[in-house]
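Structural characterization, general
The primary structure of each chain is shown beneath.
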Amino acid sequence: SFALEGIAPGHAIRPRQWQQQLTQLLRRRLDPVAPGTRDVLIHAGPGAGKTLGALLAFQAMQREGRFSRVLVFCHRTSILEQWQRAAERLGLHLQLWNGPGSAPLQADGWLVSYQGAGRQSEALKAELALWSDGEHLAIADEAHHLGVEPEEPEGPVWGRTFLDLSQRARLRLGLTGTPFRADNLAFCAARR
């Protein structure tokens, strides 16, 4: 169970069953005996607890030494702030990354917008190089914004940027409330 600020002592968050299953699934994906894809896509409707589920899974696995950091990509700055507030409620320190030197290495993770990552991808990649290989979880919130067209290398920028910046992550987790794209492109952090 997980205690939250602002909640009376003795009361804790009880992860929903699917959130517990998410943590178990991510653990299995890290098992070297059972190799598989390192990409996981979660589709759930608004209010289902995707943000909380991802943070609870990361926190549990951070305590187990499976991850030390998380890198969260979001399509809007206001959503980054929601992630930051949710993380604070769990005692996690996620820092907004707004350019070189803007986020401390000792934070539990960084938050970056798709646009910011695309605009400053080389600077972000250089700073992520300071993180050890395979020590972090990369999360794409609203992953349906990250379409990828393998036949069109100059195609959708956000998807290519996410794939490039998350290549050193141990696992990639896509979260979405929309299970398809109108243009029928594949999602990042997902198998079709």
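See the structure shown above.
To start, this report covers the structure provided alongside it. What you see is a predicted model; the values in this text were computed from it and never measured.

Okay, the sheet that holds strand S2 (residues 69–74) next. The strand order across the open sheet formed by 6 strands is S1-S7-S5-S2-S4-S3, and the pairing between neighbours is parallel. The sheet terminates laterally at strand S1 (39–43) and strand S3 (94–96), the two strands that pair on one side only. Averaged over all pairs of adjacent strands, the angle between their axes in this sheet comes to 20°, without regard to strand direction. Sheet analysis places S1 next to strand S7 (residues 171–176), joined by 5 bridges and oriented parallel. By the bridge assignment, His43 is partnered in S7 with Thr176. Packing of helix H2 (residues 50–63) onto the sheet brings it into contact with S2, S3, strand S5 (136–141) and S7, and relative to S7 it is tilted by some 160°.

Residues Leu55, Trp83, Leu137, Ile139 and Leu173 are the most contacted members of the largest nonpolar core, which totals 31 residues. In contact with Trp83, not counting residues within four places along its chain, are Thr51, Ala54, Leu55, Val72, Cys74, Leu94, Leu111, Ile139, Asp141 and Leu175. Grouped together as the second largest cluster of nonpolar side chains are 19 residues, Ala107, Ala138, Leu146 and Ala169 included.

Scanning the entire structure with this criterion turns up 5 salt bridges. Measuring nitrogen to oxygen at the nearest pair gives 2.7 Å for the salt bridge that ties Arg66 to Glu64. Overall, Glu64 belongs to the partly exposed group, its relative accessible area being 38%. A single salt-bridge network, built from bridges that share partners, covers Arg27, Glu64 and Arg66.

Below, the discussion takes up the environment of Leu26. Following the sequence through the fold, Leu26 ends up in helix H1 (residues 17–30). The exposure class assigned to Leu26 is buried, which follows from its relative accessible area of 0%. Considered as a pair, Leu26 and Arg172 are 146 residues apart in the sequence and their alpha carbons are 9.6 Å apart. The contacts of Leu26, once residues within four sequence positions are left out, are Val40, Ala57, Met61 and Leu171.

Cut-offs applied
Residues numbered from 1 in each chain as written. Predicted model: local features only at pLDDT ≥ 70, side-chain atom pairs only at ≥ 80, totals over all residues. Heavy atoms only, no water. Pairing = 2+ DSSP bridges. Helix = DSSP H or I, 4+ residues; strand = E, 2+ residues; numbered from the N terminus. Axes fitted to C-alpha atoms, helices over the stretch in contact; angles between N-to-C directions. Contact = heavy atoms within 4.5 Å. Core = buried A, V, L, I, M, F, W, Y, C linked by side-chain atoms within 4.5 Å. Buried < 20%, exposed > 50% of the residue type's maximum accessible area, 1.4 Å probe, protein only. Salt bridge = Lys/Arg side-chain N within 4 Å of Asp/Glu carboxyl O.

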